[in-house]
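Residue-level structure breakdown
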Amino acid sequence: MPTNSNFSQNHSLSPIGEIQSPFKEKFGIPRQPGLCDAVIGSIKLSGDSNNEMALKDLTAHSHIWILFLFHENLKQGWKPSVRPPRLGGNEKMGVFATRSPFRPNGIGMSAVKLIGVRQLGKQWFVDVQGLDLLDGTPVVDIKPYIPYSDSIENAHSELAESAPEHSLSVVFSKKANTQIALYQKTYPQLSLLIEQVLQQDPRPSYKQNKTDDKIYGILLYNLNIRWQVTNNQCEVLEIASSD
Ligand code: SAM
């Protein structure tokens, strides 16, 4: 595995806060930000950054960049070539040509919609929509999204020209519908969240468009969602508390 030992200068980063998101495990997280607008989460500020002055004027911007660490992958390191799931996992590409979460410095970036800034006692939060991040992800910086510079009119990508099409339609079993009603008060967007997350088809690419009788589980908040895919239709079987 390559190392960074040739760098003439090392610089350490201290997180400015951490992500609070419904995603308690990596499986099921959308592959990019903005794909599921029912994913609402927050940045919980910490240390010197937990400061009203640092957040002043942030809400003048509709969207922000979150710079963060892929902390769950840091121990595994990185490789110069990767197999992006978008290409079916069969083709190798240079890591810098991809958004792979296994990178030399483990740094990720997500542009998300800013809902607002909120204070709870002495604690400051930045609320955002459309997250693609694991709960507890360390955040190293927040920057405003600047449309005139960050949105480039004629930009194109031969490998990822548009958002992936929704590959699954999602239905809820009678049992799941009854269970959702129980959790709706705590999580008002729950059924939309489950639908948007499963529409993306989180299964490994070799399972897609094939007969698959496996029952899968994803963890959203403290809820274990069990689901199965038959003929490109995803049925949510049941929703149970994982506590
Ligand atoms: N938009 C970001 C970027 O380009 O930097 C993320 C792209 S990456 C393909 C998104 C995936 O990273 C998610 O689907 C999830 O599986 C994974 N992920 C999210 N948060 C993570 C974390 N804290 N540690 C490791 N992997 C994470």
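Okay, so let's go over this structure. (Residues numbered from 1 in each chain as written. Predicted model: local features only at pLDDT ≥ 70, side-chain atom pairs only at ≥ 80, totals over all residues. Heavy atoms only, no water.)

**Focus on the environment of Ser 49**
On the secondary structure map, Ser 49 appears in the loop between strand S2 (40-45) and helix H1 (52-55). For the pair Ser 49 and Asp 141, spaced 92 residues apart in the sequence, the C-alpha separation amounts to 9.7 Å. Not counting residues within four places of it along the chain, the set of residues in contact with Ser 49 comprises Ile 16 and Ala 54. (Helix = DSSP H or I, 4+ residues; strand = E, 2+ residues; numbered from the N terminus. Contact = heavy atoms within 4.5 Å.)

**Section: the site of the ligand**
Lining the immediate surroundings of the ligand are 20 residues, of which Pro 30, Gln 32, His 71, Arg 99 and Thr 137 lie closest. In this structure, a nitrogen atom belonging to the ligand sits 2.9 Å away from a side-chain N or O atom of His 71. Interatomic distance of 2.9 Å between a side-chain N/O atom of Arg 99 and an oxygen atom of the ligand. Considered on its own, the ligand offers 610 Å² of accessible surface; in the complex 92% of this is hidden by protein. Across the shell around the ligand, the residue classes tally to nine nonpolar, six polar and five charged. (Near = heavy atom within 4 Å. Polar contact = N/O pair within 3.5 Å; in protein donor to acceptor, adjacent residues only side chain to side chain. Areas by Shrake-Rupley, 256 points an atom, 1.4 Å probe, with all protein chains shown as cover. Nonpolar A, V, L, I, M, F, W, Y, C, P; charged D, E, K, R; others polar.)

**Concerning the side chain of Asp 132**
By the secondary structure assignment, Asp 132 is in the loop between strand S7 (123-129) and strand S8 (138-144). Arg 99 provides the closest opposite charge to the buried, salt-bridge-free Asp 132, at an N-O distance of 6.7 Å. At a separation of 2.7 Å, a polar atom in the side chain of Asp 132 contacts the side chain of Ser 110. When residues no more than four places from it in sequence are discounted, the contact partners of Asp 132 are Ile 29, Pro 30, Arg 31, Gln 32, Pro 33 and Ser 110. (Buried < 20%, exposed > 50% of the residue type's maximum accessible area, 1.4 Å probe, protein only. Lys, Arg positive; Asp, Glu negative; His and termini not counted. Salt bridge = Lys/Arg side-chain N within 4 Å of Asp/Glu carboxyl O.)

**Observations concerning the sheet that holds strand S12 (residues 233-241)**
Spatial ordering of the open sheet is given by S9-S12-S11-S10, a layout of four strands whose pairing is mixed. The open sheet has two edge strands with one neighbour each: strand S9 (169-172) and strand S10 (216-220). Averaged over all pairs of adjacent strands, the angle between their axes in this sheet comes to 35°, without regard to strand direction. Pairing geometry for strand S11 (residues 223-230) and S12, over eight bridges, is antiparallel. Of the residues in S12, the one forming a bridge with Thr 230 is Gln 233. Across the sheet, helix H3 (residues 174-183) touches S9, S11 and S12, and the angle it forms with S12 is around 45°. Packing against the sheet, helix H4 (residues 190-199) makes contact with S9, S10, S11 and S12, and its axis sits at approximately 140° to S9. (Pairing = 2+ DSSP bridges. Axes fitted to C-alpha atoms, helices over the stretch in contact; angles between N-to-C directions.)

**Points about the pattern of salt bridges**
Inspection of the entire model under this criterion finds eight salt bridges. The closest approach of N and O atoms between Lys 175 and Glu 238, which form a salt bridge, is 3.3 Å. One end of the pair, Lys 175, is in helix H3; the other, Glu 238, is in strand S12, with 63 residues separating them in the sequence. Linked through salt bridges whose partners overlap, the residues forming this network are Asp 201, Arg 203, Lys 207 and Asp 212.

**Here we look at the environment of Ile 29**
The topology assignment puts Ile 29 in the loop between strand S1 (17-20) and S2. A relative accessible area of 16% means that Ile 29 is categorised as buried. Separated by 122 residues in the primary sequence, Ile 29 and Ser 151 place their C-alpha atoms 24 Å from one another. Apart from the residues within four sequence positions on either side, Ile 29 is in contact with Phe 23, Asp 132, Leu 133 and Leu 134.

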